[in-house]
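# Structural overview
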Amino acid sequence: MTDRLLKIAETKRAKVKAGVARRRAKEKRFRFYGVASISMAFAFLIVLMTTIVSDGYTAFYTTEIKLTVDLSESALGIDGQDINKKTLMNASFRKVVRKAILQEIPVDGRKNKRALYSFLSNGAEYDLRDRVIADPSLIGQKLEYWAQAGDNFNQYNKGNIKASTPEDGRQFKNQQIEWYDELKREGNVRTVFNKNFFTNGDSRDAELAGIWGATVGSFYTLLVTLALSFPIGISAAIYLEEFAPRNRATELIEININNLAAVPSIVFGLLGLAVFLNVADLPRSAPVVGGLVLTLMTLPTIIISSRAAIKAVPPSVRDAALGVGASKMQMVMHHVLPLAMPGMLTGTIIGMAQALGETAPLLMIGMVAFIVEVPSGPLDAATALPVQIYLWAENPEKGFVENTSGAIMVLLAFLAFMNACAVIMRKRLERRW
């Protein structure tokens, strides 16, 4: 009998050990799958960031060519005229810069001259003109002037156009490479920080295109979004959580809010197109319309996060406030809301970061237009940074390829900053109960 019991006990111990071994093996496999998934996601992220940075870092510097420009009145074609802004606006600065590049690389023939003139950006003459208008005392002098290089020259200098590529497969031809080498030997080529990328609006020329106009457009759009979505979202969350009666109507509202958070963003764009443009007749491509559309898209996120923050406040806080004679409104405004505000702000920042990266709803309301001028207010025609990236991505020129990746890097930096602010704010302001 004793031997039988010992055998039974031994069998049970063996089964228990086998079960423990299987459970531990499952836990090891689960941990392995988790680590493998995280590693794979991290690897994909590294590949993505490496691709973006490798393609986009060259957008932050550009190429200039040193010229000696003749700013005499005869060269400018303003002999005997009064020197004023109107006269200088009509002066022949294009001839001046082209004559200067011909002095550096003397060539004959219309085809060769056209190829040489492409070394200079279309904006070089206007930059020189603005400099002379700002300082008319330069007229009559011979000035050393660093001119903005054209896109193909710029891309070759950066290494984005390879001399090893067959001539038929590149726009920078062998003759132009020889001219480039001559300018380089004489020290007439330099690489400088590309301020145009951060100070200009959009342009047909890649070397002159910048993100400032789109950045200002995004700022006005987010300003309108924040001004509308934050107070409306907070008010809706307070009402639903503290004052709304628990009935079918309230449940229906809550369900719809949760469903709206999962609606594709382009649907909000269609709604904005139908209501704000076609019915309300608001200005097309204006940040105010973009802000209204993004407000509709951001409200569910703010309401849901704000309700969660209000729920996190312990009931004892409410009971204590009511117990000392506070009204329900005073209890909410003076006790619950201040304690829930860190979570509300975190949700608002995350919602704004989501709005900053949206493109589809802005495309539907016309913020995809080619806008050169920087908007001066929320009613001016503008585009946004994600839309600018979309527009540049459609251009096959190498200059726009690097501009696209450079703008993505700037946008990712903004998004990372906003999410970091949300994390820091929550860590510093949240209370442990």
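A brief look at the structure comes next. If you're wondering where the values come from, they're calculated on a predicted model, not measured in any experiment. (Residues numbered from 1 in each chain as written. Predicted model: local features only at pLDDT ≥ 70, side-chain atom pairs only at ≥ 80, totals over all residues. Heavy atoms only, no water.)

### A look at the packing of aromatic side chains
Rule in force here: Stacked, edge-to-face and tilted labels apply to pairs of Phe, Tyr and Trp rings (six-membered ring for Trp) whose centres lie within 6.5 Å, assigned for plane angles under 30 degrees, over 60, and everything in between, in that order. For the purposes of this entry, the term helix denotes a DSSP run of H or I that reaches at least four residues, the term strand denotes a run of E that reaches at least two, and both are numbered from the N terminus. Only protein chains enter the calculation, and the probe is 1.4 Å; a residue is then buried if its accessible area is under 20% of its type maximum, exposed if over 50%, and partly exposed in between. Placement of a positive charge over a ring is assigned whenever Lys NZ or Arg CZ falls within 6 Å of the ring centre and within 35 degrees of the normal to the ring plane.
If you walk through the whole model with that rule in mind, you get 16 aromatic pairs. Both rings, one in Phe-60 and one in Phe-198, keep their centres 5.7 Å apart while their planes meet at 25 degrees; by these two values the pair is stacked. On the criterion of sequence distance, the pair formed by Phe-60 in the loop between helix H1 (2–56) and strand E1 (61–70) and Phe-198 in helix H9 (residues 196–199) is long-range, its members being 138 residues apart. Judged by relative accessible area, which is 31%, Phe-198 ranks as partly exposed. Members of the aromatic cluster, joined through ring pairs, are Phe-60, Phe-193, Phe-197, Phe-198, Trp-392 and Phe-400. Directly above the ring of Tyr-61 sits Lys-158, whose terminal nitrogen or CZ lies 5.3 Å from the centroid.

### Section: the sheet that holds strand E2 (residues 142–148)
The condition is simple: Strand pairing is assigned whenever DSSP detects at least two bridges linking the two strands. Every axis corresponds to a line fitted to the C-alpha atoms, with the helix fit spanning only the stretch in contact, and the corresponding angles, defined between N-to-C directions, vary from 0 to 180 degrees. When checking whether two residues touch, look at their non-hydrogen atoms; a contact exists if any pair is within 4.5 Å.
Read from one edge of the open sheet, three strands run E2-E1-E3, paired in antiparallel fashion. Lying at the two open borders of the sheet, with one neighbouring strand each, are E2 and strand E3 (189–193). When the angles between neighbouring strand axes are averaged without regard to direction, this sheet yields 40 degrees. Pairing analysis gives seven bridges linking E1 to E2, with the strands arranged antiparallel. Residue pairing in the sheet places Ile-65 in a bridge with Ala-147 of E2. In the packing of helix H6 (residues 124–134) onto the sheet, the strands contacted are E1 and E2, and the crossing angle to E2 comes to about 135 degrees. Relative to E1, helix H7 (residues 151–158) is tilted by about 125 degrees, and along the sheet it contacts E1 and E3.

### Quick notes on the packing of helix H4 (residues 93–104) against helix H5 (residues 110–117)
Our working rule: Just so you know how the angles are binned, under 35 degrees is roughly parallel, over 145 roughly antiparallel, 65 to 115 roughly perpendicular, and the rest oblique. Note on residue classes: Ala, Val, Leu, Ile, Met, Phe, Trp, Tyr, Cys and Pro are nonpolar, Asp, Glu, Lys and Arg are charged, and everything else, Gly too, is polar.
The N-to-C vectors of H4 and H5 enclose an angle of 105 degrees; their axes lie 10 Å apart at closest approach. One element, H4, and the other, H5, form an angle in the roughly perpendicular class. Within the contact between the two elements, H4 uses Arg-98, Ile-101 and Leu-102 and H5 uses Lys-113, Leu-116 and Tyr-117. Of the residues contributing to the contact of H4 with H5, the split by class is four nonpolar, no polar and two charged.

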